[in-house]
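Tertiary structure, described
Below, each chain spelled out in residue letters.
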Amino acid sequence: MRKSLIYLFAGLMFQSAVANEPEKKRTDYINPIIGASTNNEIGGSTHGLGKTFPGAATPFGMVQLSPDTRTGDDTGPGYSWHHTTIEGFSFIHMSGIGWFGDFGNFLVMPATGELKTAKGADEKPEEGYRSRFRNETEIAKAGYYSVMLDDYNIRTELTAAPKAGFIRFTYPENKKSRVQIDLSRRIGGTSTEQYVEFVDDHTIKGWMKCPPEGGGWGNGKGKADYTVYFYCQFSKPLNNSGVWSVDVPEGMVRLRDEVAGEEFQKLVAQAKVERDIKKKQGKHLGVFLEFNTQEGEQVLLRNGISFVSMEGAQKNLEASINHWDFDKTRLEAEKLWAKTLNKIIVEGGTEEDHIVFNTALYHSFIDPREVNDVDGKYFGIDKKIHQLDGFKYRSIFSGWDVFRSQFPLMTLIDPSMVNDEINSLMQMAEYSGREYYPRWEIMNSYSGCMLGNPAVSVLVDAYAKGIRNYDIEKAYKYAKRSVDVFGNSEKGYTSKSATNPKIKSVSHTLEYAYFEWCVSEMARMLGKEDDALKYFELSKSYQNIWNDEVKWFRGRDVDGSWFRWKGKTKHGQGCKESNPYQQGWFVPHDVQGHMELMGAELFEKELIAFFENVPEDFMWNDYYNHANEPVHHVPFYFNLIKKPWLTQKWTRIICDRAYGTDVLGLVGNEDVGQMSAWYIMSAIGFHPVCPGDTKYQITSPVFSKAIIPLDKQYYGGGVFTVVANNNSPKNIYIQSARLNGKPMNRSWIDHKEIVAGGELYLEMGPEPNKEWGVE
C-alpha cells in the first residue's frame with residue numbers, strides 16, 4: 001500500500017486507535033482523514049491532492065459539519081491537513097473538488113478573551129478569531145470529528161444528522177468564553193447578505209444569501225446561487241449576546257481574493273458590535289454568545305439548515321436532533337454508515353485494504369446529496385418551492401468525473417439514488433427552459449464546469465440496466481437535445497472559435513463522440529431507428545481528428561487545419577487537464593474501431609508503454625495519470641486486446657500504489673466520489689469500460705470475497721458474490737473462472753448476469769494464465 005514517510009501520523013493514529021479496541025466494527029475502518037489535503041507541491045500539480053474534508057456527515061446528507069482551515073486560494077473543501085490553523089467549523093462542504101470551492105456556510109468558532117470579528121491570518125492567528133491546532137489532536141471517524149484548539153484550549157467535537165449538525169465544546173476555566181458565528185463566511189468567497197433573529201433565550205434563526213457576486217464555485221464563474229436558512233439552538237442562555245456588522249462600501253468587489261485580502265479583513269476587524277439586539281439584516285454579519293465557564297464545562301450547539309425557509313430549517317432540526325444528547329446523535333450517524341457499508345461486504349485482504357475500501361465507500365456516498373426538507377419541500381431551478389413527488393431532489397452532480405465509475409457503481413448498489421438523480425436532472429432541464437441537462441450542477445446552477453454531456457451517459461447506463469422510474473420519452477428528448485446543443489454535429493469534430501473560445505478540440509471531439517453514441521444506444525432501445533442511425537454515425541466523429549502524420553489524435557482549428565504538434569505527452573494541444581496521450585484513449589464506445597484506425601500492433605505497443613512509464617507513486621504524470629479521470633477506463637483495455645492478465649496486473653498495482661490509509665491516500669482529487677468508486681469496483685473484480693454498454697470487464701479482485709446484496713425493488717433481491725480463491729498480494733492472476741458453477745473463459749460479465757444473483761468464482765495464481773479470458 002502506498003505510504004508517505006513524512007505524513008503518516010494521522011493515519012497511524014487512526015490505526016492505533018482501531019487496534020486497541022476489543023472488537024472492530026466496519027465503521028472503525030472508515031478514516032475521513034484519507035485524502036484531506038490540498039497541497040499542490042506534494043500532489044505534483046496545481047490540482048493538489050485528494051481535497052476531501054475530515055468532518056462529520058451522513059450518507060447523502062444535507063449537512064457536512066467539518067473544520068475549515070482557509071477561505072481563500074484553492075482550498076475547495078475548506079480544509080487541508082497541511083495547514084496549521086483553523087478558522088472555524090461550518091455546516092456544508094463538498095468532497096474532493098477544486099475550482100475554489102463553495103459552501104462552508106454558518107461558520108462556528110469557540111473562543112475566549114476579547115471578541116475579534118476578523119478571522120486573522122495563518123501566520124498571526126492571534127490577530128483574529130482563528131486558532132492553531134495540531135494534527136495529533138484530531139480524531140476523524142464515521143459521523144464524528146474532534147480537535148483541540150490550542151490558542152483557546154477548547155476541545156471541539158462535531159457530529160451530524162442528515163439535515164442538522166451538533167457541536168460540543170469543552171472549555172477551560174474562563175470569565176469570558178464565547179461561541180461566535182460568522183454568517184458571511186463562504187468557501188471561495190462570501191455570502192453577500194444575511195439576516196439573524198433572536199427567537200428566544202436559547203434560539204436564533206436567519207439566512208445567508210450566496211449569489212455569484214460573492215464568489216464561491218469558480219469564483220463566481222460557476223454561477224452558484226443559493227440561500228442557506230438556519231435554526232440554531234444553544235445549551236447556554238443568550239443572556240450576553242450580540243451581533244457584529246460591517247458597513248461594506250457600495251460597489252466593493254466581494255469575490256474570493258478580495259474578501260480574503262488585507263483591505264477587506266481590516267474593515268471586518270473594525271466591525272460595529274451591538275448587544276441586546278433582537279434582529280439584524282446586513283451585508284456582513286456575525287453573532288456571538290458570551291459566558292463564564294468552569295474547567296471542563298461543556299457547551300452544546302445544534303443547528304438545522306434548509307435551502308427553502310427558516311421554517312424548513314426548524315423542522316429539519318426538530319426531526320433530526322430533538323434532544324441535547326450529543327453521543328446519541330453520534331451513534332445514530334455511525335449506524336447510518338454501518339447500514340450503508342453493508343451494500344458491499346468484503347472478506348480477505350489486509351487491514352490496510354479494509355481501511356481503504358470502507359473509506360472509499362464512505363466517500364462515494366457523500367454526493368449527490370438530498371436537498372429537500374423533511375416535509376418534502378425543495379427549492380427548484382425555477383426559483384419556486386416544490387413538493388416531492390416520487391423522488392428525492394438531489395444536488396452536486398460532478399458529471400465529468402462521476403459518470404465513469406461512481407454512477408455505474410450506484411446502479412448496482414443504490415439504484416434508487418440513480419433514479420432520483422435522473423429525475424432531478426430532468427426537472428432542471430424542464431424548469432430552466434433549456435431542455436438539456438447540466439454537466440456540472442450545484443444547487444440548481446448550470447455551472448458549465450468541465451465538458452461533455454455526462455448526464456446523458458448516466459441516463460443511458462441506467463436505462464440499459466432497467467432503472468426507469470421517470471418519464472422515458474422526456475428523458476430521451478433532453479438527452480437528444482443535449483448532444484445537439486453540445487456535440488460534434490455534421491461538421492464531424494469540435495474546435496475553438498470566437499463564439500466558443502474555451503473549446504479543447506481533442507477532448508471535446510472525443511467525449512462528444514461517446515455521448516452521441518449514448519443517444520444512439522437509447523434510440524435503438526426505444527425503437528427510434530432513424531435517430532439510432534444518425535447518432536451512431538456522429539459517434540464516429542473521433543476518426544476525424546486522427547492524424548496519420550503523427551499517428552495520434554490531434555487538435556484541429558475551426559478551418560480544419562491541424563494544431564502544431566508538440567508530442568503526445570505535452571499537455572494542452574486541445575486537451576482538458578490532460579495531454580493527447582491521455583485523452584487519446586477515450587473512445588470507449590468503439591474500441592474495435594479505434595484499434596482498426598491505429599492498427600492493432602501500434603494500439604498494443606502504445607497501450608503497454610502508457611503504463612510502463614508511470615512513476616512508482618502514481619502521482620500526477622504524463623502517462624497513465626490515475627490522479628485525473630480521462631484515463632480511468634484504460635487499464636481495462638487489455639481485456640479487449642486479449643491480454644487480460646495485464647488488466648489484472650495493472651489494476652492490482654493501481655489499487656496498491658494509488659490508494660493509501662493516510663492523508664496522502666488519494667493521488668488526485670476525490671472528485672465527489674469518482675476516485676473512490678474506481679477503487680471499489682476494481683477491488684471487487686469488475687469495472688465498465690463504456691457506461692451505457694452493460695458489460696463489465698473482469699479483473700483481479702483485492703479481496704477473497706465480495707458480496708453484493710441486490711436491491712429488491714429493482715433487481716428482485718438475492719445476492720451476487722465474487723470469490724477469488726487462493727487470492728493474495730502475489731497471487732494476482734486469474735487462472736480460471738466459473739459463473740454459477742459453469743466454466744467461463746471470457747473476461748467480461750454482463751449486468752443481467754450480476755443482478756440475477758449467483759457467484760463468479762475465480763481461481764487465482766502467481767503467474768498469468770494467458771489462455772484464460774481471450775474468447
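First, a word on what this report is: a plain description of the structure on this page. Since we're looking at a predicted model, the values are computed, not measured. (Residues numbered from 1 in each chain as written. Predicted model: local features only at pLDDT ≥ 70, side-chain atom pairs only at ≥ 80, totals over all residues. Heavy atoms only, no water.)

1. Here's the deal with helix α13 (residues 505–525)
Here α13 spans 30 Å end to end across 21 residues, near enough to the 30 Å set by a 1.5 Å rise per residue. With 19 of 21 residues buried, α13 lies mostly within the body of the structure. A positive backbone phi angle near 75 degrees is found at G527, which sits one or two residues after α13. (Helix = DSSP H or I, 4+ residues; strand = E, 2+ residues; numbered from the N terminus. Expected span 1.5 Å × (residues − 1). Buried < 20%, exposed > 50% of the residue type's maximum accessible area, 1.4 Å probe, protein only.)

2. Section: the pattern of salt bridges
Oppositely charged side chains may form a pair once their charged atoms are brought near each other. In total, this model carries 45 salt bridges according to the counting rule given. The partner of R185 in a salt bridge is D68, and the shortest N-O contact between them spans 3.1 Å. Separated by 117 residues along the polypeptide, R185 in strand β12 (residues 185–186) and D68 in strand β2 (residues 64–68) bring together distant segments of the chain. For R185, a relative accessible area of 4% translates into the label buried. A relative accessible area of 0% means that D68 is categorised as buried. Note that D73 and R70 form a salt bridge whose closest N and O atoms lie 2.7 Å from each other. (Salt bridge = Lys/Arg side-chain N within 4 Å of Asp/Glu carboxyl O.)

3. Description of the sheet that holds strand β27 (residues 397–398)
Read across the open sheet, the three strands follow the order β27-β28-β29; overall the sheet is antiparallel. The outermost strands of the open sheet, each flanked by one partner alone, are β27 and β29 (445–446). When β27 meets strand β28 (residues 440–442), the two strands line up antiparallel, connected through two bridges. The residue of β28 that forms the bridge with F397 is E441. (Pairing = 2+ DSSP bridges.)

4. So, the environment of G380
By secondary structure assignment, the location of G380 is in the loop between β24 (377–379) and β25 (385–387). Looking at G380, the relative accessible area reads 1%, which means it is buried. Through-space distance from the C-alpha of G380 to that of M428 is 7.5 Å; in sequence the pair is 48 residues apart. With sequence-adjacent residues up to four places away left out, G380 is seen in contact with H386, Y393 and N444. (Contact = heavy atoms within 4.5 Å.)

5. Remarks on unusual backbone geometry
Of note, the bond from D367 into P368 is cis; its omega dihedral lies within 30 degrees of zero at 5 degrees. Position of P368 among the secondary structure elements: in the loop between α7 (351–364) and β23 (369–370). In this structure, N444 is a non-glycine residue whose phi angle is positive, near 75 degrees. Locating N444 in the fold gives a position in the loop between β28 and β29. Classification of N444 by relative accessible area gives buried; the value is 12%. Despite not being glycine, N726 shows a phi value in the positive range, around 65 degrees. You can see N726 is positioned in the loop between β35 (719–725) and β36 (733–739).

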